[in-house]
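Structural characterization, general
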Amino acid sequence: MSPIMPAFPAHSGVLELAGAALAAGAVRGVLVPMRAPGGSRAWSLVTDPAMLDRADPLPPAMTVHGSRALASFARSPEGGTLLAILRPCEARAAVELARLGQIDLANVILMTMDCPGSVPLDTHRADREAAPDPADPSTLRSLCAQCQAFAGEGDLCATGPSGSLHALTAGGRAFLEKLGIEPADGPPPMERYAVLAAERGRRAAEDRILLRSEYGGLAGLVRLFSGCIGCRTCRTVCPICYCRLCFIDMKDRRTPAEELLARSGRNGAVRLPPDTLLFHVGRMAHMSLSCVSCGLCEDACPADIPVGRMMSMVSEGTTGLFGYRAGSAPGEPLPLNTFLKDELHEFED
Amino acid sequence: MTMAGNCPRTGVFVCGCGPNIAGQLDIESVAAAAAGLDGVVLAETWGLLCSPDGKRHLADRIRESGLERVVIAACSPRDHEKTFQDVCAGAGLNPFMMEMANIREHVAWVTRDRTEATAKAVRIVTGAVLRSAALRPLEQTGIVAEPAVAVVGAGIAGMAAALILAEEGRRVTVLDRSTEAGGAAVLAGNPLAVELRDRFLAEPGITFLPGTEPAEVPGFFGNFLLRPRSATGELFPIVRVGAILLATGCVRDAEGSCHPAEGFAVLAEMLRVETGDGGFPSRRHAFLDPVSTPVSGVLVAGGAGGPCSIGSAVMSAGAAAGTILSTLVAGREMETEPRTSVISEILCAGCRTCMTVCAYAAVSYDAERGICTVNAVLCKGCGNCAAACPSGAIRAKHYMPDQIRRQVAGVLA
Amino acid sequence: MSSKTDAAELPHGVVELSGALGQAARGLAVRLLAEGAVGAVFTLRRTAADRRYCAALISDPALLEEASPFHPVMPVQGARVLSGFLGTGSPDRRIAAFLRPCELRAFVENVKQHKGGFDDLLVISCRCAGVLPASRLADDDGERLLADYMREAASGGLPGGIRDACARCVDTIPTAGADMILSETVGPAERSTMLHLMTDRAVDAARLLSLRSTAGTSRGPVTTAGPEDPRRRNREALLASGPEPGRGLGSLVEAFASCIGCRACREACPLCHCILCDYETERTRWSPGLVRDLAESRGALRVPAGTIQFHLGRLVHISPVCVSCGQCSEVCPAGIPVSDLFARASAHVQASLRYVPGADPDGAPPLATYVERELEDLTD
């Protein structure tokens, strides 16, 4: 059993680990982004270690949330062990999806790397290799610039400039043992990121004050979403929104034309398509407890609405109500779908 | 016979309930207000609609006016929903095209001011009329029950119940972990218990499987498929029964507290019977139905339900056997609740939240398809699953989104 | 897609309105609503956000001050919104609907699928110079872009910065379904807009508003897309630029390599109105077992699987009726030129099926019409 305390840059070390795991048969597949034609990145389920030379873990841009890629084929545990190489927020969302019955984590090893953030999709489109600078918010998506949870998640993580491997769960430890790898001692040292995290936290707090003053209240929300064209892209890219048919699209829940006309008559006008706020606030009610502030909603929005910052702020509030943290230990119950006979008395009058 | 347009022919009947309603609000005004609603072809008052005269009048009106919907503004559905449903059925109208508006408990009995009460009743009736237009006919269904019974546990309660059932001609299969019948009472040498044991072993209608317990029990009331397994793991052939009586007794520990027999928790989980304080099974009602669990067809007798005397054990065994005899009649079609939940297989994403809120073990998960399904026989129409489903994939028949929305719109109009 | 230099039918009358297109349209809307010719107006409207617009159904004439009919932006495709609204029931009053030609063509196709009807509408269309992308209009230089657009449109030219789909559109005037067509007069003179009355309904409305036809006019609105028009050249260039034979699938894979599966293209498309898209159902979902097996046999598999499946499916379903509005390209977060692909595919498919979407309200939509003997020339 030779300990690995690599001095390589994190990426190649992680890919070596993945290749070794495949070759040894410790895993049947590795979920990792790969370079696609034209230079963008696409998630791939890799079974042949030779294919890993095109892999690019934690690529400069987040195109599809890794947890959504995982959920697309990991609903049940059959098919052997999987190693998923993810950003911390992707691992957290995977845990949430497991709580929502969409992923079975029984045979999945969630491995994360310290995440420097992601460049906006527009930047990535213009320059496929433009890289995020964790200390320079102008290179990052707005939510990445506020993110303080960019390290130390999942079953195991590769952290720090030397990419040392830390096992965070029994499953992670068992996986490394199978490969004959001794994980680094103790939990990942987070002190090295304390200054950056504090700065991010300050930025987040300031942004929320701004959001509340600018868009607080019903009128403010109306103004926030006035450019919304109802394309539902925010919902489709969201890793948490997995419903086959969203409540807003259900035929038997649609507002009949007569009612819309009546509304138009009463208020002088009605916006079409209707129910913009109903969609966004409804979505908040449904997914807020599991929101991992990944920011894909905002990055993908064609109308440049700061919906990610708003969702993140609301999520801070709603999870706070329940003392819950999205993506925390897999055994914890999710308030949204956990019903106890005796609960929530503190919210009664 | 339908009116021009979309509105079905609706009759509204406002019952005075003697002085109960008529004394508290102006029923004539309520009827007059209802008469102005779309689709209402007839709106009238009556003194006591549940009386023989009242019911006859209702039936006559349905027939002669060709009513397609009936709205009855009266007491609580808990009192007379069945009454008026039967009248409708007798008059040729599907019983689920009848909507009750409770203007007694919800208005007359709680509102002092007569004007206010009348206005409120009008709103409630308007909601009911609008909702009724969206009602859909539902067919009453049933299943043919398997009259045989399984008893788990051959102690006092189990033997007593088995004997009652066998004497009434039922095939009874009794399982017990021990190789000897009789349980705690026989072990203690109680002479009555010994006598009971001898009769039990001699009864030809009882099949005793010593040294076995249930390995799995898929199925539902009227159709359980019980597979016994021996202590060595040998599996016995499946026994098909209509009801299961849990008579597994209880044990006292060193500190003197009583617990269900070891392994009861596993059995309860298999049958999806909820357990409460101390691990004992939940009952339909502590006083009115203490031998039935919330799961149809699964009953409890004797110490399995909590510490009790031998006399109580035998009495509860009798109660359980009696319940089984009267509900599980050979060849009888058992009415099932038509207002069940339906899960859309297209919309279900397999999160299984519905299963966690179903008290009747009516929802199961199909791992291959990754979706949940409702057993319409076991479903009691409580609607928990439809409310809890995060994806909106479940619809509660008779409480569909358009029906609810119309009712709300009517009340708020 | 064929096009005509004149409107398919001659108008019943032509009225001269003062002001540029948008101004004249707003004025017309105000008068229609105020005089009771219609009970509501479907149009673009300013929102609380600067230079952002939305569609609206306006019943109060006073609120028409904020209306911006034919403002050169298309945040949502009018047919999608109108069909969505009318698909849930019939209006109880007449609605004046301001629709650009491509929106009207899409609406005609939707009506064939019972997503709306013409009975309760007074359709007002225009000679269209194209639209600017909504995000460009809201940009810092949006005002300048808009001013340039107005100038170019007034002189009958091709405004800069408009959607690619608009820059190659040769169907700038509607050929069917419009009750009224507004076309701004081309030239340096004082701005005015001609209102062409195409149907009896339009004539009745004009009479109610005491609008008088100018004498001696019997021509319909004239298209600007003549033989030498840059739009026509742009279109020909696009059609000529497709992949070589045999390279179709490969070029699709490349085109959609950066697709993030957000489905914005589908949600924006006026012709995609299925409640639940076939590509979101179990029928087309790649089972976990299939994904794993293919990943094994190929060494690697892109996930979520089915990127090309979705786009090919949409191409198959939509190309017979695509009206090339370009909404799909505008909303794509990955910047994929979806409408280019659809325009090329549609040109071939529609020619093979001999179908022109939106041209004939009574024409049978090819995908929904089954005839015992048909398309024999396409079979072996």
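Residues numbered from 1 in each chain as written. Chains lettered and ligands numbered in written order. Predicted model: local features only at pLDDT ≥ 70, side-chain atom pairs only at ≥ 80, totals over all residues.

**A few points about the overall build of chain C**
Secondary structure assignment for chain C yields 14 helices and 8 strands. Against the globule reference of 21 Å for 380 residues, chain C gives a C-alpha radius of gyration of 22 Å, in line with a compact fold. Counting over 380 residues, chain C shows a buried share of 49%. Excluding contacts between residues fewer than 6 apart, the proportion of contacts in chain C whose partners are at least 24 apart in sequence is 76%. (Helix = DSSP H or I, 4+ residues; strand = E, 2+ residues; numbered from the N terminus. Rg over C-alpha atoms; globule rule 2.2 N^0.38 Å. Buried ≥ 20, exposed ≤ 12 C-beta atoms within 10 Å, placed from the backbone. Contact = placed C-beta atoms within 7 Å.)

**Looking at the packing of helix H6 (residues 194–215) of chain A against helix H12 (residues 307–322) of chain A**
Residue and element names in this part refer to chain A. Put simply, H6 and H12 touch, their axes get as near as 10 Å, and they point 105° apart. The orientation of H6 relative to H12 falls into the category roughly perpendicular. Contacts from Asp-207, Arg-208, Leu-211 and Tyr-215 of H6 reach H12 at Arg-309, Met-310 and Met-313. Residues that form the contact of H6 with H12 fall into these classes: 4 nonpolar, no polar and 3 charged. (Axes fitted to C-alpha atoms, helices over the stretch in contact; angles between N-to-C directions. Parallel < 35°, antiparallel > 145°, perpendicular 65-115°, else oblique. Nonpolar A, V, L, I, M, F, W, Y, C, P; charged D, E, K, R; others polar.)

**What to know about the nonpolar core**
In summary, soluble globular proteins display a tendency toward joint burial of nonpolar side chains. All names here are of chain B. Among the nonpolar cores identified, the biggest contains 285 residues, and Ala-161, Ile-244 and Ala-301 are the most heavily contacted of them. In terms of residue count, helix H7 (residues 156–167) provides more of this core than any other element does, 9 residues in total. Setting aside residues no more than four positions away along its own chain, Ala-161 makes contact with Val-151, Leu-245, Ala-247, Ala-301, Ala-317, Ala-320 and Ala-321. (Core = buried A, V, L, I, M, F, W, Y, C linked by C-beta atoms within 7 Å.)

**Regarding the interface of chain A and chain B**
Listed as interface residues are 17 residues of chain A and, on the opposing side, 18 residues of chain B. For the side of chain A that touches chain B, the residue count by class is 8 nonpolar, 5 polar and 4 charged.

**Examining the environment of Ala-181 of chain B**
Residue and element names in this part refer to chain B. Counting through the fold element by element, Ala-181 comes out in the loop between strand S7 (172–176) and helix H8 (183–187). Ala-181 sits in the buried class, given 23 other C-beta atoms within 10 Å. Linking Ala-181 and Asp-38, residues 143 residues apart in sequence, is a C-alpha distance of 69 Å. Beyond its immediate sequence surroundings of up to four residues, Ala-181 is in contact with Ala-154, Met-159, Asp-176, Arg-197, Phe-200, Leu-201 and Phe-208.

**Structural notes on the interface of chain A and chain C**
Listed as interface residues are 61 residues of chain A and, on the opposing side, 57 residues of chain C. Here the side of chain A that touches chain C takes 6 residues from helix H9 (residues 257–267) of chain A, the largest share from any one element. Residue classes in the side of chain A that touches chain C are distributed as 30 nonpolar, 18 polar and 13 charged. As paired strands, strand S7 (residues 269–272) of chain A and strand S3 (residues 53–58) of chain C are joined by 4 bridges and run antiparallel to one another. Bridge pairing links Leu-272 of chain A to Ala-55 of chain C in S3 of chain C. (Pairing = 2+ DSSP bridges.)

**Here we look at the domain arrangement of chain B**
We note that the domain assignment places domain 1 (10–138), domain 2 (144–327) and domain 3 (337–397) within chain B. The C-alpha centroid of domain 2 of chain B is placed 47 Å from the C-alpha centroid of domain 1 of chain B. (Domains from an automatic or database assignment.)

**Examining the domain arrangement of chain C**
All names here are of chain C. Here chain C is described as being made up of domain 1 (13–235) and domain 2 (255–378). A C-alpha centroid distance of 28 Å is found between domain 1 and domain 2. Of all the elements in the fold, those that place two or more residues in the side of domain 1 that touches domain 2 are helix H2 (78–86), helix H3 (101–112) and helix H6 (164–167). No other element matches H3, which puts 10 residues into the side of domain 1 that touches domain 2. For the side of domain 1 that touches domain 2, a count of residues per class yields 12 nonpolar, 6 polar and 8 charged.

**Details of the packing of helix H3 (residues 52–65) of chain B against helix H4 (residues 77–90) of chain B**
All names here are of chain B. Contact geometry of H3 with H4 gives a least axis separation of 9 Å together with a crossing angle of 40°. As judged from the angle between their axes, H3 and H4 are oblique. When the axes of H3 and H4 are compared, the crossing they make is right-handed. Between H3 and H4, the contacting residues are Lys-55, Leu-58, Ala-59 and Ile-62 on the first element and Val-87, Cys-88 and Gly-90 on the second. In terms of residue class, the contact of H3 with H4 is built from 5 nonpolar, 1 polar and 1 charged. (Left-handed = near helix turned anticlockwise from the far one by under 90°.)

**Describing the sheet that holds strand S6 (residues 149–152) of chain B**
All names here are of chain B. An order of S8-S7-S6-S13-S16 is seen for the 5 strands of this open sheet, with the pairing classed as parallel. Two strands lie at the open edges of the sheet, namely strand S8 (206–210) and strand S16 (298–300), each paired on one side alone. Taken over all neighbouring pairs, the strand axes of this sheet differ in orientation by 20° on average, direction set aside. Pairing between S6 and S7: 4 bridges, direction parallel. Residue pairing in the sheet places Val-149 in a bridge with Val-172 of S7.

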